[in-house]
Amino acid sequence: MLSYSHQNIDRSDIEVVSTALKQDFLTGGKKIEEFENALCEYVGVKYACVVNSATSALHLAYRVLNVNEKIVLTTPMTFVATANAALMAGAKVEFIDIKDDGNIDPEKLENRLKKDSKDIGAICVVDFAGNSVECDKISALAQTYNIPLLDDASHALGALYKGEKVGSKGDLNIFSFHPVKPITTFEGGAVVSNDKEKIEQIKLLRSHGIIKKRLWDSDMLSLGYNYRLSDVACALGINQLKKLDTNIEKREIIAQFYEKEFAQNPYFATIKIKDYKKSSRHLYPILFFPQFYCQKEEIFQAFIDAQIGVQVHYKPVYAFSFYKELLGEIQLENADKFYKAELSLPCHQEMSLQQAQFVRDKLFEILENLGPKHG
Ligand SMILES: *Cc1c(COP(=O)(O)O)cnc(C)c1O
């Protein structure tokens, strides 16, 4: 089955992992700092802390931003962890509507802040599908209102905004190394930043809040967690990072093929990447026109029947039962529309152009043969 995204594991990955497995330290060794330094160099930031998932990274980032009992403004068009981690850190979550590229709408964010900017602990944005948010506008807002900016760049390692790496512009920036994301360490994540103190605090919380003193003596300074990433995982991460740009280029070729083939079709729109950005192409979303919304289930099922693993990104976070109980019924016009319209097609470095052609052919075949409308 062709999947919407897939990890890239080659012989060199297997070699570095098997070497790492033979070392004295499987965790807590030198590979951790080595991976952190490699991430800093790649992204163009000074400090990094790797952890066992992006969810853990988000949790620690929110904690050191002291969002407890404050409001976190974020996007509903994301994986639930972006908002969940804010709740875990004691914050209240409020969703801001999106634009038609799936990213938070800077104007709606500004209107919210103009209305009332008290008690806001952080703004957390997500670079949907690997396509950067409008960084300049959002950073300017965060500065004007003096609110910390968290960039959940889980989709966007390797993406660019005006020539600079996505994940270098927020006060704290998050990456995920889950297998579907741009690089993998099995499970894993990171916080990167130019703020030395915040990364030091995050490193303390990563491992129980404990510091070493003399000989056997240690001290516990704050209530931390075990969010450490193993040396074996870090060895894989270092090797994965070396291949990232090549893999992004391969994904770009698939995405460009789709762009060309889908131009001016009568069924759906695609998301154009602005010329001052480069997407990591984590996802390739298409957005059906409204007349097809009620047939999306049928389309999705037809893809699955054809062994093509499509996916929908995302059900808005506020639409999950847990959030409905917490916040009541919320409807944000663009997010609701985007959810009805969106379908992510396979786009990754493990697939061939022939497979992309197969996806295109199937897609148009499915759409041409749609049954009568229902619902
Ligand atoms: C995948 C993802 C996460 C969670 O990542 P994990 O490493 O699986 O915890 C958080 N935010 C976004 C936007 C994601 O896509």
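Residues numbered from 1 in each chain as written. Predicted model: local features only at pLDDT ≥ 70, side-chain atom pairs only at ≥ 80, totals over all residues. Heavy atoms only, no water.

Here we come to the layout of surface pockets. Of the voids in this model, the largest pocket is the one considered here, and its volume is about 520 Å³. In this structure, the largest pocket is lined by 16 residues; those nearest its centre are Gly28, Arg206, Ser207, Lys212 and Arg228. When residues of the lining of the largest pocket are traced back to their parent elements, those giving at least two are α2 (31-43), α7 (196-206) and β10 (210-212). The residue makeup of the lining of the largest pocket, split by class, is 5 nonpolar, 4 polar and 7 charged. (1 Å grid on protein atoms, 1.4 Å probe; cavity = no way out; pocket = protein on both sides within 12 Å on 5 of 7 lines; lining within 4 Å. Points joined across faces, edges and corners; volume = space filled by probe spheres on them. Helix = DSSP H or I, 4+ residues; strand = E, 2+ residues; numbered from the N terminus. Nonpolar A, V, L, I, M, F, W, Y, C, P; charged D, E, K, R; others polar.)

On to the UniProt feature "modified residue: N6-(pyridoxal phosphate)lysine" (unreviewed entry) in the protein, then. Look at the UniProt record and you will see "modified residue: N6-(pyridoxal phosphate)lysine" (unreviewed entry) annotated at Lys181. Inspection of the secondary structure assignment puts Lys181 in the loop between β8 (172-176) and β9 (189-193). Excluding residues within four positions of it along the chain, Lys181 makes contact with Ser154, His155, Ser176 and His282. (UniProt positions renumbered as here; feature names shortened; annotations may be inferred. Contact = heavy atoms within 4.5 Å.)

Right, let's get into a nonpolar patch on the surface. The grouping of Ile210, Met220 and Leu223 at the surface amounts to a nonpolar patch, some 310 Å² of accessible area in total. Since its relative accessible area comes to 41%, Ile210 is described here as partly exposed. (Patch = residues over 30% accessible without salt bridge, like charges linked within 9 Å, V, L, I, M, F, W, Y side chains within 5 Å. Areas by Shrake-Rupley, 256 points an atom, 1.4 Å probe, with all protein chains shown as cover. Salt bridge = Lys/Arg side-chain N within 4 Å of Asp/Glu carboxyl O. Buried < 20%, exposed > 50% of the residue type's maximum accessible area, 1.4 Å probe, protein only.)

This part takes up the UniProt feature "active site" (unreviewed entry) in the protein. Listed under "active site" (unreviewed entry) in the UniProt record, and renumbered for this structure, are Lys181. In this structure Lys181 comes out as buried when scored by relative accessible area, which is 16%.

The element helix α3 (residues 54-64) is extensively covered by neighbouring structure, given that 9 of its 11 residues are classed as buried. Listed in full, the buried residues belonging to α3 are Ala54, Ser56, Ala57, Leu58, His59, Leu60, Ala61, Tyr62 and Val64. Capping of α3 at its N-terminal end is provided by Ser53; its side-chain oxygen lies 3.3 Å from the backbone amide nitrogen of Thr55. Looking one or two residues beyond α3, the residue adopting positive phi is Asn66, at roughly 55°. (Polar contact = N/O pair within 3.5 Å; in protein donor to acceptor, adjacent residues only side chain to side chain.)

Near the ligand you find 16 residues, and of these Thr55, Asp152, His155, Ser176 and Lys181 are the closest. The contact in question runs from a nitrogen atom of the ligand to an N or O atom on the side chain of Ser154, over 3.5 Å. Contact distances for the ligand include 3.5 Å between an oxygen atom and a side-chain N or O atom of Tyr314. Taken together, the elements giving at least two residues each to the shell around the ligand come down to α3 and α4 (81-88). Here the element with the most residues in the shell around the ligand is α3; it accounts for 3 residues. In terms of residue class, the shell around the ligand is built from 6 nonpolar, 8 polar and 2 charged. (Near = heavy atom within 4 Å.)

With that settled, the discussion passes to the side chain of Thr184. Residue position: Thr184 is located in the loop between β8 and β9. One polar contact links the side chain of Thr184 to the main-chain carbonyl oxygen of Phe177, over a distance of 2.8 Å.

With that out of the way, let us pick up the nonpolar core. Where a protein is soluble and globular, its nonpolar side chains tend to be buried together. Core analysis: the largest hydrophobic core is formed by 48 residues, its most contacted members being Tyr62, Leu150 and Leu172. Taken together, the elements giving at least two residues each to this core come down to β1 (47-51), α3, α4, β3 (92-95), β4 (120-126), β8, α7 and α11 (333-341). At 7 residues, α3 tops the list of elements feeding residues into this core. The two domains that each donate at least three residues to this core are domain 1 (11-239) and domain 2 (244-374). Residues contacting Leu150, with those up to four places away along its chain left out, are Leu58, Ala61, Tyr62, Leu65, Ile123, Cys124, Val125, Leu172 and Ile174. Counting 29 residues, the second-largest nonpolar core is a separate cluster that includes Phe268, Tyr284, Phe303 and Leu370. (Core = buried A, V, L, I, M, F, W, Y, C linked by side-chain atoms within 4.5 Å. Domains from an automatic or database assignment.)

Here we come to the pairing of strand β15 (residues 342-345). Alternating residues of β15 divide into Glu342 and Ser344 and Leu343 and Leu345, and every residue in both groups is buried. In the sheet, strand β14 (residues 284-288) pairs with β15 via 4 bridges, with the strands oriented antiparallel. Of the residues in β15, the one forming a bridge with Tyr284 is Leu345. (Pairing = 2+ DSSP bridges.)

Our focus in this paragraph is the pattern of salt bridges. Applying the stated criterion across every chain yields a total of 21 salt bridges. Between Asp105 and Lys108 there is a salt bridge whose closest N-O contact spans 3.6 Å. Note on Asp105: relative accessible area 11%, which makes it buried. With a shortest N-O distance of 2.9 Å, Asp361 and Arg360 are connected by a salt bridge. For Arg360, a relative accessible area of 17% gives the class buried.

Along the polypeptide, Tyr339 turns up in helix α11. With a relative accessible area of 32%, Tyr339 lands in the partly exposed category. When the C-alpha atoms of Tyr339 and Arg63 are compared, they prove to be 30 Å apart, with 276 residues separating the residues in sequence. Among residues more than four places away in sequence, those in contact with Tyr339 are Met77, Lys296, Val312, Tyr314, Lys315 and Pro316.

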